[in-house]
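So you can see what is in the structure, the chains are spelled out below.
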Amino acid sequence: TFKMRVLILGGHGFIGSHISNILRGQGHVVGVVDCYHQYHTFPDDEYSCVLAQRQAHCGADEVYVGKIEDAEFLNRAFETFNPDTVIHVATYPNAYMVKRNVVDATGNMITATALILDACVKHSVDRIVFASSSMAYGDFLVPAPDETAPTNPLTLYGSYKLQGERMCKIWNKEHGLNYSILRPSALYGTRDMITRVLSQLVRARFNTGTMRVQGPENKLDFSNVVDVANAFATCAVNPHAKNEIFNCTRGQGRPILEAAEMIQSRIGGKILTLPHDEFYPNRDTLCSDKLQELTDWRPTVDIEQGIPEYLDWLLEQPYIKAMPLYQS
């Protein structure tokens, strides 16, 4: 197979380190750009612990440390590494973080995306793979929306993801830069920071004894990071993924309460159910058939397998073991 040079922006992040591991296993040459941004959220002890594991798992051939908002740095990295394909996963992880840090997030999600797209054109990159989000849809209006469903983001995060998609399309039209756009949903898995639903439930259990489930009937399309990283790796190299937008989820909405009960059965604690958090849109299953049909990508990990694997990893972390109720 053709060996490609793939530059991963955010390659020492949660998804990026998994993508790198997959691409290197396929024999491609991987470069990583990262600035180790803690998004004004992650505690130092937790971040340094997880980062070391991500770096080891990633195993990049080249690493460039700097900010994607810095055009000079970005162009040097592109020039030195000379990528065929760029994967852009150097982005704010969730909507609440964006809400808390609007100006910084605007630089990271809008300005930097323009600089990255320009660098791709300048350095003759064939394709950019862009990380969007199911949040671009806003409320899901039909069961299992596909990529033709209307987009109506209800958060700044979702609107910036959608704007990034539009920028990819415009650079394609004006400069001929090819793209693949991926919309994951409800991501979880090993080597993640405590930011998402499952890890927040575990943290609450060990800090207060109680897991608060907002909207117990609400469903999320819990998608394992290995499946999602495989989708990114596939889109980086597959000719059929060119200039397409894809949902990339497990395709199986599951009640948040069900996930909480799986965690409870493993580590105990009480579950308190509360009304839906109005900040977040109502989501459920996304249809990822298009990606499967065009590229033969297949998601394989259900939460029955994925949550226990994730808990096995999480419960071994020193910052979890240090929590007040860990021993109980």
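Residues numbered from 1 in each chain as written. Predicted model: local features only at pLDDT ≥ 70, side-chain atom pairs only at ≥ 80, totals over all residues. Heavy atoms only, no water.

Structurally, Leu315 can be placed in the loop between helix 11 (303–314) and helix 12 (318–321). Considered as a pair, Leu315 and Tyr326 are 11 residues apart in the sequence and their alpha carbons are 9.0 Å apart. Setting aside anything within four residues of it in sequence, one finds Leu315 in contact with Val202, Phe206, Arg266, Ile267, Ile320, Lys321 and Tyr326. (Helix = DSSP H or I, 4+ residues; strand = E, 2+ residues; numbered from the N terminus. Contact = heavy atoms within 4.5 Å.)

This next bit is on the sheet that holds strand 11 (residues 244–247). Strand order in the open sheet formed by 7 strands is 3-2-1-4-5-6-11, with parallel pairing between adjacent strands. In this open sheet, the two strands that pair with only one neighbour each are strand 3 (62–65) and strand 11. Direction aside, the axes of adjacent strands within the sheet are offset by 15 degrees on average. (Pairing = 2+ DSSP bridges. Axes fitted to C-alpha atoms, helices over the stretch in contact; angles between N-to-C directions.)

This part is about the side chain of His276. The topology assignment puts His276 in the loop between strand 13 (270–274) and helix 10 (289–295). A polar side-chain atom of His276 sits 2.4 Å from a polar atom in the side chain of Asn218. Contacts of His276, omitting those with residues within four sequence positions, involve Gln214, Gly215, Asn218, Pro281 and Asn282. (Polar contact = N/O pair within 3.5 Å; in protein donor to acceptor, adjacent residues only side chain to side chain.)

Of all hydrophobic cores here, the largest spans 46 residues; its most connected members are Val202, Ile263, Ile307 and Ile320. Apart from residues no more than four positions distant in its own chain, Ile263 is found in contact with Leu198, Leu201, Val202, Met211, Gly268, Ile307 and Leu311. Core analysis: the second largest hydrophobic core is formed by 30 residues, Ile15, Ile22, Val30 and Cys248 among them. (Core = buried A, V, L, I, M, F, W, Y, C linked by side-chain atoms within 4.5 Å. Buried < 20%, exposed > 50% of the residue type's maximum accessible area, 1.4 Å probe, protein only.)

We now examine the packing of helix 3 (residues 71–81) against helix 5 (residues 102–122). Put simply, helix 3 and helix 5 touch, their axes get as near as 10 Å, and they point 35 degrees apart. For helix 3 against helix 5, the interelement crossing comes out right-handed. Across the interface between the two elements, Ala71, Leu74, Asn75 and Phe78 of helix 3 pack against Leu115, Ile116, Ala119, Cys120 and Lys122 of helix 5. Of the residues contributing to the contact of helix 3 with helix 5, the split by class is 7 nonpolar, 1 polar and 1 charged. (Left-handed = near helix turned anticlockwise from the far one by under 90°. Nonpolar A, V, L, I, M, F, W, Y, C, P; charged D, E, K, R; others polar.)

So, about the pattern of salt bridges. Under the counting rule described, the total for this entry stands at 10 salt bridges. Here Asp61 ties to Arg24 by a salt bridge, and the two come within 3.3 Å at their closest N and O atoms. Of this pair, Asp61 sits in the loop between helix 2 (44–58) and strand 3 while Arg24 sits in helix 1 (residues 14–25), and the two are 37 residues apart along the sequence. Among the residues examined, Asp61 registers a relative accessible area of 35% and is labelled partly exposed. (Salt bridge = Lys/Arg side-chain N within 4 Å of Asp/Glu carboxyl O.)

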